[in-house]
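# Notes for the structure review
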Amino acid sequence: MPARVLAAVLASLAVPAMGVANASEPTAPPAVPPVPSNGLAATPPMGWNSWNHFAGRITGADVRAMADAMVANGMREAGYIYVNIDDTWEGDRNAAGEIQTNDKFGDMKALADYVHSRGLKLGIYSSPGAKTCAGYAGSHGHEEQDARQFAAWGVDYLKYDYCGARDIYPVTQRNQEMLFRKMGAALLKAGRPVVYSLSQSGEFDIWHWGPQTGANLWRTTPDISDDWGSMIQRGFRQLELSTWSGPGHWSDPDMLEIGNGAMSTDEYRTQMSLWSMLPAPLLAGNDLRTMVAATREILLNREVIAVDQDPAGYPARRLERQGDVEVLVRDMSDGSVVVGFFNRGEGATVRLPWSKLGTRFGKAVEARDLWQHAAIDTRSPFVTTLPRHGTTLVRVTPHG
Ligand code: GLA
């Protein structure tokens, strides 16, 4: 076959590949200047998100029920404020290009009003792609229109998932950065305070350039699952990135799996402890209507939440490793430190002289076990026995 004919045949068979621009689209989105900070999320956001438990089954009625549950079970009072709808709420666009909800959701303004009437805030989800990860309508080409629509509905939080943009533009840092900036600028222009959360898998070291997109948090890993290995790997990964995370701009190792059923109570306590030590956003991902007491105690542990929400937002660091037990420490704004003993193996007993925490801790100290809610006798070195995959958290205050 002559080369010319072969080329024509191949061209007629060609389909756009993932990550390759369509002929009708430019290969790169226009440049957008850095987006200033919106001043939100001084501490890591706290709330609930629909994806981990409901995935595509979430409905507007479920979201109302979660808001009711968060009021009734004390989560709202403990600081869980955002009720976040993840993917699959989207319908088609109308003739004016305005995004509609699908039948599972109906009137989004009414839903936002309902959530606000419960003293909570509403979150929503979209993508810079034409399609979201689950194949619903994304914001591509409608960024400002969607930002205005979200503001008009009363949305307070946006999770913006790169996903479908992979089908439009080559996947480069520049393209991701410009598309995320585009929505960041659109949200500011729309004028409503909206926490801006980026979702991809930590590609191109997003923690280096996330702040210039105007975002308040960005995912640093692929999706979490309700599994010990998945959870612990994501949590410990953040330690290497800690210098990039702080007030207004947080690394996000993904949502909580606490209460979803496939991990043990000790493992769920470990997720709560580790996310609070890092610190990371606390977005519950379980069905809040059917929480067992152990789940409630974990999510509502005020002493641990106070660690996560410490206003200084200092990061945790690794003090040492004793066998399978990782010892992390984190400075608190009041001069105390929190020490986390994370057992990544089978049952273990570990010991720590208080002076190991620094010269300030060489004399008398006061210490409190944040899971036992009890004072610790500090006259001798600290000793704790940890179950398999268990955690002990201790807050230590020096005297004099
Ligand atoms: C991606 C995100 C998830 C979730 C789904 C929804 O996988 O990482 O957190 O939002 O999309 O489709």
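How each quantity is defined
By convention here, each chain's residues receive numbers from 1 onward along its written sequence. The predicted origin of the model limits local features to residues at a pLDDT of at least 70 and limits the giving and counting of side-chain atom pairs to 80 or more, whereas totals for whole chains, interfaces and linings rest on all residues. Values shown for side chains rest on all heavy atoms present in the structure; no hydrogens or waters enter the calculation. Domain ranges listed in this record stem from an automatic or a database domain assignment. In this analysis, two residues are considered to be in contact whenever any of their non-hydrogen atoms come within 4.5 Å of each other. For any pair of parts, buried area is found by adding up, for both, the accessible area (1.4 Å probe) each one loses once the two are put together. Put simply, a salt bridge is a Lys or Arg side-chain nitrogen that is within 4 Å of an Asp or Glu carboxyl oxygen. The term polar contact refers here to a pair of N or O atoms within 3.5 Å; inside protein, the definition further demands a hydrogen-donor-capable atom paired with an acceptor-capable atom, and it admits residues adjacent in sequence only when both atoms are side-chain atoms. To qualify as a helix, a DSSP run of H or I must reach at least 4 residues; to qualify as a strand, a run of E must reach at least 2; elements of each kind are numbered from the N terminus. In this count, Pro and Cys sit with the nonpolar residues alongside Ala, Val, Leu, Ile, Met, Phe, Trp and Tyr, while Asp, Glu, Lys and Arg are called charged and the others, Gly among them, polar. Disulfide: a pair of cysteine sulfur atoms within 2.5 Å of each other. Strands were regarded as paired on the criterion that DSSP finds at least two bridges between them. To get an axis, fit a line to the C-alpha atoms, keeping to the stretch in contact for a helix; angles then go from 0 to 180 degrees between the N-to-C directions. Definition of nearness: a residue and a molecule or strand are near each other if at least one heavy atom of the residue lies within 4 Å of the molecule or strand. Accessibility throughout is a Shrake-Rupley quantity obtained with a 1.4 Å probe, and a residue counts as covered only by protein chains that appear here.

Taken as a whole, the chain is organised into domain 1 (25–308) and domain 2 (317–398). For domain 1 and domain 2, the distance between their C-alpha centres works out to 32 Å. Contact residues are listed per partner, giving 21 residues for domain 1 and 24 residues for domain 2. Buried area between domain 1 and domain 2, both sides added, is near 1900 Å², and the carbon and sulfur share of it is 65%. Together, F236, M277 and E303 form the three largest contributors to the area buried by domain 1 at its contact with domain 2, with a combined 34%. Taken together, domain 1 and domain 2 are joined by one salt bridge. At the boundary of domain 1 and domain 2, one finds ten residue pairs in polar contact (both at pLDDT 80 or more). Per-element tally for the side of domain 1 that touches domain 2: the top contributor is helix α10 (residues 265–277), with nine residues. A class-by-class count of the residues in the side of domain 1 that touches domain 2 yields eleven nonpolar, four polar and six charged.

Here is the idea: a disulfide is a covalent bond, and it sits between the sulfur atoms of two cysteines. One pass over the structure, following the stated rule, counts one disulfide. Each sulfur in the disulfide pair C133 and C163 lies 1.6 Å from the other. Around the S-S axis, the bridge from C133 to C163 shows a dihedral of about 100° and counts as right-handed. Highlighted residues: C133 in the loop between β5 (121–126) and α6 (143–153) and C163 in the loop between β6 (157–161) and α7 (173–190), separated in sequence by 30 residues.

Attention now moves to the sheet that holds strand β10 (residues 282–284). The sheet built from eight strands is open, its strands ordered β9-β8-β7-β6-β5-β2-β1-β10 with parallel pairing. One side of each edge strand has no neighbouring strand; the edge strands of this open sheet are β9 (250–252) and β10. Going across the sheet, the axis of each strand differs from the next one's by a mean of 25°, ignoring polarity. Note that β5 and β6 share four bridges and pair parallel. The partner of S126 across the bridge, within β6, is Y160. On the sheet, α7 packs against β6 and β7 (195–199) and is oriented at approximately 165° with respect to β7.

Around the ligand, the neighbouring residues are W51, D86, D87, Y125, C133, A134, K159, D161, S199, R219 and D223. D87 is positioned with one of its side-chain polar atoms (N or O) 2.8 Å from an oxygen atom of the ligand. At 2.8 Å, a side-chain N or O of K159 approaches an oxygen atom of the ligand. Against a free-state accessible area of 310 Å², the protein chains account for coverage of 90% of the ligand.

Turning our eyes to something else, we now look at the sheet that holds strand β15 (residues 365–369). Remark on secondary structure: sheet strands pair via backbone hydrogen bonds, oriented parallel or antiparallel. Strand order across the open sheet formed by six strands is β11-β12-β13-β18-β15-β16, with antiparallel pairing between neighbours. What marks the edges here is a single partner per strand, and that holds for β11 (317–322) and β16 (374–376). The average undirected angle you get between the axes of adjacent strands in this sheet is 25°. Two strands pair when backbone bridges link them, and β15 and strand β18 (residues 391–398) are joined in this way by five bridges, in the antiparallel orientation. Within the sheet, the bridge partner assigned to R368 lies in β18 and is R395. Along the sheet face, α10 touches β12 (325–331), β13 (337–343) and β18 and points at about 140° away from the line of β13.

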